[in-house]
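In case you want the letters, here they are:
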Amino acid sequence: MYETFKIIVNDARVKSIPKKQEIWSNILSTLAKQNGKFLNQIENVFEEMRNQNIKINIVHYNILIDACAKAKKPEKAEGWFNRLLQDKGPEAADVVTYN
């Protein structure tokens with residue numbers, strides 16, 4: 001499955017696929033539904049979004065933090081939570097973030 005997403009991400013890089021947040025949210029969400037199995041890949045996609053200047057929003061952070069929890073990596077979840085607070089400010093975290 002991740003190979004398919006690598007192709008999509010590569011196409012986005014090469015062909016400048018529109019930088020729609022929904023597309024990236026769907027990629028992250030689909031990978032995250034695998035119970036943490038693709039945590040490293042989710043982090044890679046997240047960083048690729050940054051590299052392509054995709055506007056990262058609270059939904060993206062929540063997907064990533066939830067994937068860390070599902071992968072039983074609380075230290076990574078905390079790290080991404082802290083990065084959210086640094087990037088967006090404390091008011092950015094919502095009820096989903098805290099659950």
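Structure first, text after, so check above.
Residues numbered from 1 in each chain as written. Predicted model: local features only at pLDDT ≥ 70, side-chain atom pairs only at ≥ 80, totals over all residues. Heavy atoms only, no water.

**Some thoughts on the overall build of the protein chain**
Move 1: Each helix and strand in the protein chain was counted, giving six helices and zero strands.
Move 2: Counted from the first residue to the last, the protein chain has its helices and strands arranged as α-α-α-α-α-α.
Move 3: Counting over 99 residues, the protein chain shows a buried share of 40%.
Move 4: Once local pairs closer than 6 in sequence are excluded, the contacts in the protein chain between residues at least 24 apart make up 60%.
Move 5: Of the roughly 5,900 Å² that the protein chain leaves accessible, carbon and sulfur atoms contribute 51%. (Helix = DSSP H or I, 4+ residues; strand = E, 2+ residues; numbered from the N terminus. Buried < 20%, exposed > 50% of the residue type's maximum accessible area, 1.4 Å probe, protein only. Contact = heavy atoms within 4.5 Å. Areas by Shrake-Rupley, 256 points an atom, 1.4 Å probe, with all protein chains shown as cover.)

**Things to note about the pattern of salt bridges**
Move 1: In this structure the tally under the stated criterion is five salt bridges.
Move 2: A salt bridge links Arg 50 to Asp 87, with the nearest nitrogen and oxygen atoms 2.1 Å apart. Of this pair, Arg 50 sits in helix α3 (residues 39-51) while Asp 87 sits in helix α5 (residues 74-88), placing them 37 residues apart in sequence.
Move 3: The class for Arg 50 is partly exposed, based on a relative accessible area of 26%.
Move 4: The shortest N-O distance in the salt bridge between Arg 83 and Asp 87 comes to 3.9 Å. Placement of the pair is Arg 83 and Asp 87 together in helix α5, with a separation of four residues, close to one helical turn.
Move 5: Connected via shared salt-bridge partners are Glu 47, Arg 50, Arg 83 and Asp 87. (Salt bridge = Lys/Arg side-chain N within 4 Å of Asp/Glu carboxyl O.)

**Brief notes about α5**
Three or four residues apart is the spacing at which side chains of an α-helix point the same way, because the helix has 3.6 residues per turn.
Move 1: With 15 residues, α5 should reach 21 Å at 1.5 Å per residue; the first-to-last C-alpha distance of 21 Å fits that figure.
Move 2: Every buried residue of α5 is listed here: Ala 77, Trp 80, Phe 81 and Leu 84. Axial view of α5: buried residues confined to an arc of 105°, hence all on one face. Facing away from the buried side of α5 by more than 90 degrees, the exposed set consists of Glu 78 and Gln 86.
Move 3: Just past α5, the residue Gly 89 takes up positive phi, approximately 90°. (Expected span 1.5 Å × (residues − 1). Arc of directions from axis to C-beta.)

**Re the packing of helix α4 (residues 58-70) against α5**
Move 1: Where α4 contacts α5, the two axes come as close as 8 Å, and the packing angle between them is 165°. The pairing of α4 with α5 is recorded here as roughly antiparallel in orientation. Between α4 and α5 the crossing geometry is left-handed. Within the contact between the two elements, α4 uses Ile 58, Tyr 61, Leu 64, Ile 65 and Cys 68 and α5 uses Lys 76, Ala 77, Trp 80, Phe 81, Arg 83, Leu 84, Asp 87 and Lys 88.
Move 2: Broken down by class, the residue content of the contact of α4 with α5 amounts to nine nonpolar, no polar and four charged. (Axes fitted to C-alpha atoms, helices over the stretch in contact; angles between N-to-C directions. Parallel < 35°, antiparallel > 145°, perpendicular 65-115°, else oblique. Left-handed = near helix turned anticlockwise from the far one by under 90°. Nonpolar A, V, L, I, M, F, W, Y, C, P; charged D, E, K, R; others polar.)

Distances and angles like these do not, on their own, reveal function.
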